[in-house]
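# Structural overview
Residues per chain, in single letters:
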Amino acid sequence: MTTRIDLDDLPPKVAAQLTGAAEGEAVLLVQGGVVVARLLAGPPEAAAPEAAPASPEDHAAEVFEQFRAAIEDEF
């Protein structure tokens with residue numbers, strides 16, 4: 001399971017501390033003097049490769065099929 005935190009939602013100082021950590025450096029999250037989490041800085045995960053764009057003919061066929069299915073569902 002992955003928890004996602006948008007850095008834009010954090011105060012600028014906190015976002016800078018999180019993004020400024022060097023690779024391999026640990027960032028400790030502390031609450032009430034107790035360490036509640038430890039983040040290890042590393043390189044960003046590689047994004048999944050995007051699928052090749054469909055040809056205009058394939059796209060048109062897909063749109064037509066969706067339209068046909070919607071019309072059949074209505075009637």
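Structural notes, computed from the coordinates. (Residues numbered from 1 in each chain as written. Predicted model: local features only at pLDDT ≥ 70, side-chain atom pairs only at ≥ 80, totals over all residues. Heavy atoms only, no water.)

## What about the overall build of the protein?
- Looking only at helices and strands, one finds two helices and two strands in the protein.
- Along the protein, helices and strands appear, N-terminal first, in the series α-β-β-α.
- Relative to its 75 residues, the protein shows a buried fraction of 5%.
- Long-range pairs, those at least 24 residues apart, make up 0% of the contacts in the protein with a sequence separation of at least 6.
- Of the roughly 7100 Å² of accessible surface on the protein, 58% is carried by carbon and sulfur atoms. (Helix = DSSP H or I, 4+ residues; strand = E, 2+ residues; numbered from the N terminus. Buried < 20%, exposed > 50% of the residue type's maximum accessible area, 1.4 Å probe, protein only. Contact = heavy atoms within 4.5 Å. Areas by Shrake-Rupley, 256 points an atom, 1.4 Å probe, with all protein chains shown as cover.)

## Overview of the environment of Ala26
- One can find Ala26 in strand S1 (residues 26-31).
- Along the sequence, Ala26 and Ala41 sit 15 residues apart, while their C-alpha atoms lie 6.2 Å from each other.
- Filtering out sequence-adjacent residues up to four positions away, Ala26 remains in contact with Arg38, Leu39 and Leu40.

## A closer look at the pairing of strand S2 (residues 34-40)
- Here S1 pairs with S2 via six bridges, running antiparallel. Paired with Val27 across the bridge in S2 is Leu39.
- Hairpin geometry of S1 and S2 is characterised by an intervening segment of two residues between the two adjacent antiparallel strands and by a positive phi of about 60° at Gly32. (Pairing = 2+ DSSP bridges.)

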